[in-house]
Amino acid sequence: MYKEKASRREIIALFSAAAVTQAQDVVTIPGKRAMIVHNDRPEDLETPLAYFDQWITPNDAFFVRQHLPRPEMREADFRLRIGGRVSKEIQLSLAELRKLPQVRVPAVLECTGNGRGFYRPRVPGIQWGRGAVGNAEWSGPRMLDVLKLAGADLQAAFVTVNGADVGVAKTPDFIRSLGMRKAIHPATLLALQMNGEPLPDLHGFPLRLIVPGWDGTSWVKWVTSLTVANEPDQGFFMNPAYRFPKHPGAPGAPVDRADLEVIEGMPVKSYIAGPADGDKLSMGATVLRGMAWAGEEHVTKVEVSTDGGSTWREAKLSPQNLPFTWRLWTAEWKPMRAGYYTVLSRATDSAGRVQPFVAAWNPSGYLFNAVDRIGVVVEGA
Ligand SMILES: Nc1nc2c(c(=O)[nH]1)N[C@H]1C(S)=C(S)[C@@H](COP(=O)(O)O)O[C@H]1N2
Ligand SMILES: [Mo]
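Model, not experiment: these values are computed from the prediction.

What counts and what doesn't
- Residues numbered from 1 in each chain as written.
- Chains lettered and ligands numbered in written order.
- Predicted model: local features only at pLDDT ≥ 70, side-chain atom pairs only at ≥ 80, totals over all residues.
- Heavy atoms only, no water.
- Core = buried A, V, L, I, M, F, W, Y, C linked by side-chain atoms within 4.5 Å.
- Buried < 20%, exposed > 50% of the residue type's maximum accessible area, 1.4 Å probe, protein only.
- Helix = DSSP H or I, 4+ residues; strand = E, 2+ residues; numbered from the N terminus.
- Domains from an automatic or database assignment.
- Near = heavy atom within 4 Å.
- Polar contact = N/O pair within 3.5 Å; in protein donor to acceptor, adjacent residues only side chain to side chain.
- Areas by Shrake-Rupley, 256 points an atom, 1.4 Å probe, with all protein chains shown as cover.
- 1 Å grid on protein atoms, 1.4 Å probe; cavity = no way out; pocket = protein on both sides within 12 Å on 5 of 7 lines; lining within 4 Å.
- Sits in = over half its atoms within 2 Å of the grid points.
- Nonpolar A, V, L, I, M, F, W, Y, C, P; charged D, E, K, R; others polar.
- Pairing = 2+ DSSP bridges.
- Contact = heavy atoms within 4.5 Å.
- Salt bridge = Lys/Arg side-chain N within 4 Å of Asp/Glu carboxyl O.
- Points joined across faces, edges and corners; volume = space filled by probe spheres on them.

Quick notes on the nonpolar core
With 63 residues, the main nonpolar core has L80, I82, W138, M143 and L226 as its most contacted residues. With 4 residues, the top contributor of residues to this core is strand β6 (residues 103-110). Shared between two domains, this core takes at least three residues from each, and those domains are domain 2 (75-262) and domain 3 (269-379). Among the nonpolar cores identified, the runner-up in size contains 20 residues, and L288, V299, W333 and V343 belong to it.

Remarks on the site of ligand 1
Neighbouring ligand 1 are 20 residues; F63, D165, H203, R208 and K221 lie closest to it. Here an oxygen atom of ligand 1 and a backbone polar atom of R65 are 2.9 Å apart. Look at ligand 1: alone it shows 530 Å² of surface, and the protein chains cover 100% of it. If you map ligand 1 onto the pockets, it falls in the largest cavity. Residue classes in the shell around ligand 1 are distributed as 11 nonpolar, 5 polar and 4 charged.

Some remarks on the sheet that holds strand β17 (residues 269-274)
As summarised here, the arrangement of the 4 strands in space is β17-β19-β23-β22, forming an open sheet in which the pairing is antiparallel. Edge strands, defined here as strands with exactly one partner in the open sheet, are β17 and β22 (316-317). Note: β22 against strand β23 (residues 327-333), 2 bridges, orientation antiparallel. The partner of L317 across the bridge, within β23, is W329.

Digging into the domain arrangement of the protein
Assigned domains of the protein: these are domain 1 (13-61), domain 2 (75-262) and domain 3 (269-379). Of the residues lining the interface, 37 residues belong to domain 2; the matching set on domain 3 comes to 22 residues. Taken together, the links from domain 2 to domain 3 amount to 3 salt bridges. Note that K269 is salt-bridged to E110, the shortest N-O span being 2.7 Å. The tally of links between domain 2 and domain 3 comes to 16 residue pairs in polar contact (both at pLDDT 80 or more). Mapped onto the side of domain 2 that touches domain 3, the elements with two or more residues apiece are β6, β7 (133-140) and β15 (243-245).

So, the sheet that holds strand β21 (residues 313-314)
One open sheet accounts for 5 strands, arranged β18-β25-β24-β20-β21; its pairing is mixed. Looking at the sheet topology across the chains shown, the edges are occupied by β18 (280-282) and β21.

A word on empty space enclosed by the protein
Tallying each qualifying case throughout the model produces 3 cavities of 30 Å³ or more. Here the largest cavity is characterised by a volume of approximately 260 Å³. Together, 19 residues line the largest cavity, and R65, R208, G216, W219 and K221 are the ones closest to its centre. Here the lining of the largest cavity is composed, by residue class, of 9 nonpolar, 6 polar and 4 charged. Size it by volume and the second largest cavity reaches roughly 70 Å³. Lining the second largest cavity we find V108, E110, G213, W214, M266, W293, A294, G295, F324 and T325. Per-domain counts for the lining of the second largest cavity show at least three residues from each of domain 2 (75-262) and domain 3 (269-379).

Section: unusual backbone geometry
For the peptide bond that leads from R41 to P42, omega is -5 degrees, which places it in the cis range. Here P42 is to be found in the loop between β2 (34-40) and β3 (43-46). Cis rather than trans, the peptide bond between G274 and P275 has omega equal to 0 degrees. Topologically, P275 is positioned in the loop between β17 and β18. Even without glycine at this site, L367 takes up a positive phi of about 55 degrees. Within the fold, L367 resides in the loop between β24 (339-349) and β25 (372-379).

Some points on the pairing of β23
The alternating pattern of β23 places R327, W329, A331 and W333 on a buried face, while none of L328, T330 and E332, on the opposite face, is buried. Where strand β19 (residues 286-293) meets β23, 7 bridges bridge the pair, whose relative direction is antiparallel. Of the residues in β23, the one forming a bridge with A292 is R327.

Remarks on the environment of A229
Tracing the sequence through the fold places A229 in strand β14 (residues 223-229). Relative accessible area serves as the criterion here: at 18%, A229 is assigned to the buried category. A sequence separation of 81 residues divides A229 from K148, and the C-alpha atoms of the two residues are 15 Å apart. Discounting residues that sit within four places of it in the chain, A229 has contacts with R85, A156, A157 and F158.

Shown next, in the form of structure tokens:
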């Protein structure tokens, strides 16, 4: 085992959340900094909030989610097969994929289950805290350019994407279908690179799907086949998994399968990345900072409260306002009295969506996006 436990004191320092307490293992996996480990075989790794100190999430700090044992990928015999409703079935090597125009898209990748651990009543599944999300620059050919090489019928309704991982025991093969409109969007890529490096094995080497603005489930890793079809794949990972109730029910109540729909775009959300929950601050000037993102929309406003939500003021958003990625924000704060403060952040997007105080409970614990919250102590002079 390559487990290398952080000291108890470090764990407490990282996660002594006053607002939300989660005791977890912090472990080192090859190629990664110390991460919060939910599973180590296959790896499900969460990014500690402390690593969100810049716009890009570095590869060695990026969260990992996989349902099945990671496939062995060999560059030399790798082929991407394109079939179904195409004028000719083709297979492309990596060299052929590299010859297509390479497009670079910065985009947030977030697991649908990010924040599941905060739902009450609890829901089964990985108890992700805040760190099943990251922002990277992805590059590779557009899905559209690859489909065109095979003479794909672009009037067909879906493209079904399969990776090299295969079903094991009760877990079926991981297969996803996406609607043609999103498949041929100019930002939808078959990425060969992540933050300027070849995709790391854990992130889908050598080829993964990038579906900017949509939840991580669609971002299929180790992609080996595209099938153009008029029907979506009927497998477990399209139905019933990764669906959200059209009309959320009461917390804890079951939802009729017929009332679930596929998750596509993502909600509006913000984090306070610093100071950390539980930090002790001194009186006077300090800066609150964080990031905000909104799926296929743009973040238009972030507000902060330092009094538990009684009063709010606008944070300063970074001028850069690209689609699909997060915006950084800062807010100056001069606490003048000692004591405990509950600090909140709340984002609004271009569709007018505002982060709620209470995320819509759902039986799978998806799409948690409640107002972010930390507690800090301001110490007297
Ligand atoms: N082939 C394959 N692709 C996959 C998965 C998987 O289990 N198998 N998991 C998906 C899910 S649920 C998420 S959230 C993202 C996570 O991507 P990451 O591990 O690069 O962060 O990959 C997606 N792509
Ligand atoms: Mo996910």
